[in-house]
Amino acid sequence: MNELTPRDDIKKTVSEILKRVDRLIRAGEIDQAMREIIQAKEIDPKNVYIFAYEERITYLKEEHEKHKQQEQTKKSAEEAARKRDIEAKKRAEEAIRQLEETKRKEAPPPVPAVKPPPIPPIARHDDGRPIEELERELRDLEADIRKKEEQARKLEEHSTLSPEQRQQYEQELAKAWEDGALTPIEEEHLKELRMLMGITIQEHTRLTKKAQIDAYRSAFRAAWATGAISPERFSELADMRKRFHISTEESDQLEAEILWEARSGTQSATLLIVDDDVKLLNLVSDILREANYNVQAFTTSDEAFRFLKESTPDMIISDINLETSTMGGFTFYEKVREMDHLQNVPFIFLSGLTDEVLIRTGKELGVDDYLTKPFSDETLLATIKGKLKRFKKLSQSAKKK
């Protein structure tokens, strides 16, 4: 057997540490995982896999701290609201007591029948204020109490819904609305899910409307494609709108978009690419444009992320090791998946790395595919075409179920 060189020893040691780090991340022991990463960096400070894991751990720690801060803010706000309510109620009770005492003390004496009733003096409180003023203050206090109670109710309804929970709830809504109005069983199921996840009424209303519109869009496209709806049979749209709870204004806009797509033919897919290697980025962009794709190319994940806030491409392709960006590949992927309109967009990683653990990490995050550099033009185009085709079929199948 060949003896290991010093470099082989270092790689083997670091590999063992990274395997422990992988297990610690799975177990949620983030601090211990970071200590292992620090140890690995001391052994091999230039190992790119170590930095990829460090980036992943740092992101998880930031998310954990953000969640803790949100919980603390929520508790502080609830406590402050509770104290204000107690004080407001005390003031109201004291004001009522003073008003009753004043009325009791200042009850006017009987008026002699032979004399005209005297003009009653302005009732005043012990401190000299008119009773009318005290009554106005009481009404203001009661209004303030009602306002605080409403604020407390809204605060109690507030929830910190994670991206995973939001995605799960959106999937359940889409499944429930795909064939139109909800059944009692579906309504009860969604109600239980809302209570379990702590979803607010406002969040539920917003996500429900999105599910209704998506389901209506899918049903309209299918009906138009099969001829169930045509310019001569538009009267049938009223039933479809009613079934999906879509207003006339909403349906007019959706139908115009769908019909425009149908009449203008199939549109070229838009691909977003991120790579800090400018030469490779330009080369890949040229290949894809020659294949009739629309291409949005960026050298940093920060620029790409700003673009994605307002746009929805058909696919995202990103390098993992983005040295010139504040977000590496893994963090960029997770930030993309947090945005509602990008949660189902196919995502492919590009990398010159071949480490099995790193590839598995990307796939465990949910990445759709992984291309290892160097790759041929044919492999790149076949992968993209296959993923777009498969994604389209899955989307159509999901809408038909």
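None of the values given here were measured: they were computed from a predicted structure.

**Student:** How do you make sense of the side chain of S325 when you look at a structure like this?
**Tutor:** Position of S325 among the secondary structure elements: in the loop between β3 (315-319) and α12 (329-337). A polar contact is formed between the side chain of S325 and the backbone nitrogen of S301, at a distance of 3.0 Å. Ignoring any residue separated from it by four or fewer positions in sequence, one finds S325 in contact with T299, T300, S301 and D302.

**Student:** Looking at this model, I keep getting lost on the sheet that holds strand β1 (residues 270-274). Mind explaining?
**Tutor:** Adjacent strands of a sheet pair through backbone hydrogen bonds, lying either parallel or antiparallel. Taking strand neighbours across the sheet as the criterion, the 5 strands line up as β2-β1-β3-β4-β5 in an open arrangement whose pairing is parallel. The open sheet terminates on both sides in strands that have one partner only, identified here as β2 (294-298) and β5 (369-372). Here the average twist between neighbouring strands, direction ignored, is 20 degrees. As paired elements, β1 and β3 share 4 bridges and run parallel to each other. In the strand pairing of β3, I273 is matched with I317. Most of the contacts of helix α11 (residues 301-308) go to β1, to which it runs at about 150 degrees, and overall it touches β1, β2 and β3. Sheet contacts for α12: β1, β3 and β4 (347-351); angle to β4, the most-contacted strand, approximately 170 degrees.

**Student:** Whenever I open this one, the pattern of salt bridges confuses me. Can you help?
**Tutor:** In a structure, side chains of opposite charge can pair up when their charged atoms sit close to one another. Taken as a whole, this structure holds 15 salt bridges when the rule is applied. The closest approach of N and O atoms between R56 and E334, which form a salt bridge, is 2.3 Å. Of this pair, R56 sits in helix α3 (residues 48-105) while E334 sits in helix α12, and the two are 278 residues apart along the sequence. For R56, a relative accessible area of 15% puts it in the buried group. In this structure, the salt-bridge partner of K387 is D369, at a minimum N-O distance of 3.8 Å. Here K387, found in helix α14 (residues 377-400), pairs with D369, found in strand β5; they are 18 residues apart in sequence, far enough to count as distant. On the basis of relative accessibility, which here comes to 23%, the residue D369 falls in the partly exposed class. What emerges from the salt-bridge pattern is a single network uniting E63, K66 and K335.

**Student:** Just to check I follow, could you spell out helix α6 (residues 184-197) for this structure?
**Tutor:** Think of an α-helix as turning once every 3.6 residues; residues three or four places apart then point the same way. Given a rise of 1.5 Å per residue, 14 residues ought to cover 20 Å, and the 20 Å separating the end C-alpha atoms of α6 matches this to within 8%. Inspection of α6 places E186, L190, L193, R194 and M197 among the buried residues, and these make up the whole buried set. For α6, the angular spread of the buried residues around the axis is 100 degrees, confining them to a single face. Facing away from the buried surface of α6 by more than 90 degrees, the exposed residues are P184, I185, M195 and L196.

What counts and what doesn't
- Residues numbered from 1 in each chain as written.
- Predicted model: local features only at pLDDT ≥ 70, side-chain atom pairs only at ≥ 80, totals over all residues.
- Heavy atoms only, no water.
- Helix = DSSP H or I, 4+ residues; strand = E, 2+ residues; numbered from the N terminus.
- Polar contact = N/O pair within 3.5 Å; in protein donor to acceptor, adjacent residues only side chain to side chain.
- Contact = heavy atoms within 4.5 Å.
- Pairing = 2+ DSSP bridges.
- Axes fitted to C-alpha atoms, helices over the stretch in contact; angles between N-to-C directions.
- Salt bridge = Lys/Arg side-chain N within 4 Å of Asp/Glu carboxyl O.
- Buried < 20%, exposed > 50% of the residue type's maximum accessible area, 1.4 Å probe, protein only.
- Expected span 1.5 Å × (residues − 1).
- Arc of directions from axis to C-beta.

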